[in-house]
Amino acid sequence: MSDYNKNKNCVNVDKSASLDHCDNTAVDPILTPAGERTIHVPVDLGVYNVSSNLEAHITFPEPVMEIKDVKKKVEIVQCRLMTIPTSNGDFSGVGAQFPLLLSGYVRKNIQYATPCGGSGYDGSCVSSDIKSLTVRVPFKCMTTITLESPVQLPRTNNRQEFDFFRAQDLGTGYPEKDQYLSNDISQFHQYSTQYYNQLPYCELLSSSILEWDESTDRVSEGPVGEGYFYNMLEKMSLNFTIKVLQKQQVRIDALDADA
């Protein structure tokens, strides 16, 4: 067997081939010639702070002695700006108002202490395990926003049918000189146009949550002050900041490359 087959790991990945310093130099960018240009870029339609109030009932699979920690974050799954369609792609200017439909979840990972081996109480001592439960509390709302920049309205598709004149013989029972004058229903002709509009979209910038969690079926057991529960009522005040954008054609003045 060759030495190559004996040692297939030709490179030791645990050791870097080089830890030396790397030099760099600044490079001047290549600029477009001066003059007017049209670019396709995301345009900010506005930044908005949205608030909502939630209430949820959470049931644990095991008895809970106490909540140790709760980690949570906001997840937006739908953010849809409902704009009015138009036939020629007009813009709706600054100050226009449109409904914004929002839905998502508050994802929560709840760490809690649960008694060991059933009740887990032994005299004045309490044995417990640390476990966690992950839940998603849904929310859905609609808010009306006032635009800070113009939005391009969606252009509507259209279809137009057309026919051709056709003269046909009437057949037996009609004078030979008479004809059936109309269109031919055995044929169908149509001209259609579809527009692929730029859909406004959202970015989540920040969020904050104020929550109150209270047990609803706590049972006292063991030493004074100890007990357990299975159900918890949760109340949350949710606030998050979103940015609404849309890709648009924007005209700019290009800088002089020699300037």
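Higher on the page you've got the structure.
As the structure is a prediction and not an experimental result, all values here were calculated from the model. (Residues numbered from 1 in each chain as written. Predicted model: local features only at pLDDT ≥ 70, side-chain atom pairs only at ≥ 80, totals over all residues. Heavy atoms only, no water.)

Asker: Just to check I follow, could you spell out the overall build of the protein chain for this structure?
Answerer: Within the protein chain one finds one helix and 15 strands. Taking all 259 residues of the protein chain together, the buried fraction comes to 26%. Considering only intrachain contacts with a sequence separation of at least 6, the fraction spanning at least 24 residues in the protein chain is 81%. (Helix = DSSP H or I, 4+ residues; strand = E, 2+ residues; numbered from the N terminus. Buried < 20%, exposed > 50% of the residue type's maximum accessible area, 1.4 Å probe, protein only. Contact = heavy atoms within 4.5 Å.)

Asker: Is there a simple way to explain the environment of tryptophan 212 in this structure?
Answerer: Along the chain, tryptophan 212 turns up in strand S13 (residues 201-215). For tryptophan 212, a relative accessible area of 60% corresponds to the exposed category. Counting along the chain gives 23 residues from tryptophan 212 to lysine 235, while the straight-line C-alpha distance between them is 5.2 Å. The contact partners of tryptophan 212, leaving out residues within four places of it in the chain, are Leu233, Glu234 and Lys235.

Asker: Explanation requested: the layout of surface pockets in the structure shown.
Answerer: By rolling a water-sized probe across the atoms, one finds the places where empty space is left. A volume near 230 Å³ is recorded for the largest pocket. Taken together, 19 residues line the largest pocket, and the ones lying closest to its centre are Gln152, Pro154, Asn197, Gln198 and Gln246. Contributions of two or more residues to the lining of the largest pocket are made by strand S2 (66-81), strand S8 (151-152) and strand S15 (227-254). Taken together, the residues of the lining of the largest pocket sort by class into eight nonpolar, eight polar and three charged. (1 Å grid on protein atoms, 1.4 Å probe; cavity = no way out; pocket = protein on both sides within 12 Å on 5 of 7 lines; lining within 4 Å. Points joined across faces, edges and corners; volume = space filled by probe spheres on them. Nonpolar A, V, L, I, M, F, W, Y, C, P; charged D, E, K, R; others polar.)

Asker: Please clarify how the nonpolar core should be interpreted in this entry.
Answerer: One broad rule of soluble globular proteins: the nonpolar side chains tend to lie buried together. Core analysis: the largest hydrophobic core is formed by 24 residues, its most contacted members being Leu81, Leu100 and Leu147. Of all the secondary structure elements, the ones that give two or more residues to this core are strand S1 (35-64), S2, strand S4 (97-115), strand S7 (128-146) and S15. Beyond its immediate sequence surroundings of up to four residues, leucine 100 is in contact with Cys79, Arg80, Leu81, Cys141, Met142, Thr143, Ile145, Cys202, Ile242 and Val244. Counting ten residues, the second largest nonpolar core, distinct from the first, contains Phe60, Ile110, Tyr112 and Val135. (Core = buried A, V, L, I, M, F, W, Y, C linked by side-chain atoms within 4.5 Å.)

Asker: Help me understand the state of the cysteines in this model?
Answerer: The bond known as a disulfide is covalent and runs between the sulfur atoms of two cysteines. In the structure shown here, the tally under the stated rule is one disulfide. Covalently, cysteine 79 is tied to cysteine 202 through a disulfide, its sulfur atoms 1.9 Å apart. Judged by the torsion about the S-S bond (-65°), the cysteine 79/cysteine 202 disulfide is left-handed. On the criterion of sequence distance, the pair formed by cysteine 79 in strand S2 and cysteine 202 in strand S13 is long-range, its members being 123 residues apart. Under the relative-accessibility criterion, cysteine 202 is labelled partly exposed at 23%. (Disulfide = S-S within 2.5 Å.)

Asker: How do you make sense of the sheet that holds S4 when you look at a structure like this?
Answerer: Within a sheet, each strand pairs with its neighbour through backbone hydrogen bonds, oriented either parallel or antiparallel. Spatially, the three strands line up as an open sheet ordered S2-S4-S7, and their pairing is antiparallel. Edge positions in the sheet fall to S2 and S7, since each has one partner strand and no second. The average undirected angle you get between the axes of adjacent strands in this sheet is 15°. Note: S2 against S4, 14 bridges, orientation antiparallel. Its bridge partner lying in S4, lysine 72 is registered against lysine 108. (Pairing = 2+ DSSP bridges. Axes fitted to C-alpha atoms, helices over the stretch in contact; angles between N-to-C directions.)

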